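Residue-level listing of the chains:
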Amino acid sequence: QVQLVESGGGLVQAGGSLRLSCTTSGLPFSNAYMGWFRQAPGKERELVAFISWRGSITFYANSVKGRFTISRDNAKNTVYLQMSTLKPEDTAVYYCAADPRPFGTIKEESAISSWGQGTQVTVYS
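Reading guide: rules and limits
- Numbers given for residues are sequential positions, taken from 1 along each chain in its written order.
- Whole-chain, interface and lining totals are the exception, using all residues; otherwise, since this is a predicted model, local features are given only for residues with pLDDT of at least 70 and side-chain atom pairs are given and counted only at 80 or more.
- To obtain the side-chain values, all non-hydrogen atoms of the structure were used and water was disregarded.
- Pairing between strands is defined by DSSP: at least two bridges between them are needed.
- Helix numbering and strand numbering both begin at the N terminus, where a helix is a DSSP run of H or I of at least 4 residues and a strand a DSSP run of E of at least 2.
- An axis is simply a line fitted to the C-alpha atoms; with a helix, the fit covers only the stretch in contact. Between two such axes, the angle follows the N-to-C directions and lies from 0 to 180 degrees.
- Stacked, edge-to-face and tilted are the three classes for Phe, Tyr and Trp ring pairs, Trp counted by its six-membered ring, which pair at centre distances within 6.5 Å; planes under 30 degrees apart are stacked, over 60 edge-to-face, the rest tilted.
- Any residue under 20% of the maximum accessible area for its type is buried, any over 50% is exposed, and the rest in between are partly exposed; the area is computed with a 1.4 Å probe on protein chains only.
- Any Lys or Arg side-chain nitrogen located within 4 Å of an Asp or Glu carboxyl oxygen qualifies as a salt bridge.

Draft legend 1. A look at the sheet that holds strand β7 (residues 68-73). One open sheet holds the four strands; their spatial order is β1-β3-β8-β7, and the pairing between them is antiparallel. A strand with exactly one partner marks an edge of an open sheet, and here the two such strands are β1 (3-7) and β7. The sheet shows a mean angle of 15° between the axes of neighbouring strands, taken without regard to direction. Sheet analysis places strand β3 (residues 18-25) next to strand β8 (residues 78-83), joined by six bridges and oriented antiparallel.

Draft legend 2. Representation of the packing of aromatic side chains. Taken as a whole and assessed by the stated rule, the structure comprises seven aromatic pairs. Residues Y33 and W53 carry aromatic rings whose centres are separated by 5.8 Å and whose planes lie at 65° to one another, so their mutual orientation is edge-to-face. Taken together, the positions of Y33 in strand β4 (residues 33-39) and W53 in the loop between β5 (46-51) and β6 (58-60) put the pair 20 residues apart, joining distant regions of the chain. W53 gets classed as partly exposed once you look at its relative accessible area, which sits at 39%. Relative to F103, the ring of F37 has its centre 5.7 Å away and its plane inclined at 75°; by these criteria the two rings are edge-to-face. Of this pair, F37 sits in strand β4 while F103 sits in the loop between β9 (92-99) and β10 (114-115), and the two are 66 residues apart along the sequence. Accessibility classification places F37 together with F103 in one group, the buried group.

Draft legend 3. Looking closely at the pattern of salt bridges. The final tally for this structure, using the stated rule, is five salt bridges. Where E109 meets R45, a salt bridge forms, and the shortest distance between an N and an O atom there is 2.9 Å. Of the two residues, E109 sits in the loop between β9 and β10 while R45 sits in the loop between β4 and β5, which places them 64 residues apart along the sequence. Assessed through its relative accessible area of 26%, R45 is described here as partly exposed. For R67, the salt bridge is made with D90, and the minimal N-O distance between the two is 2.7 Å. Within this pair, whereas R67 is found in the loop between β6 and β7, its partner D90 is found in the loop between β8 and β9, the two being separated by 23 residues in sequence. Grouping residues by exposure puts R67 and D90 together as buried. Bridged by salt links that share partners, the residues R38, E46, R67 and D90 form one connected network.

Given below as structure tokens:
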């Protein structure tokens with residue numbers, strides 16, 4: 001059974017930092033692209049960042065470029081999202097996702113193999 005479990009969300013003041021973690025089980029982690037998505041109230045879910053199998057390729061949405069860093073530890077089956085200089089507009093539920101394919105090539109979110117349950121990030125000014 002595939003499981004993705006996010007942690008690290010919370011309430012933080014604007015300008016602060018948080019690190020999200022997503023620990024996985026039941027999937028070939030070292031062969032999976034790992035991604036972070038987020039969904040703000042009243043908005044569609046959007047791709048925030050993804051990282052390739054060995055971490056050699058990363059992608060960031062323009063809205064988080066320079067502030068967020070995605071990384072992975074294949075020995076721990078865990079992917080991280082370091083979020084810095086947080087803004088109120090970063091408030092959302094953050095979801096971890098896994099797929100053998102690069103997320104930029106997947107046209108429908110419903111086609112993504114595995115999802116976590118989400119963790120809430122709230123940034124207040």
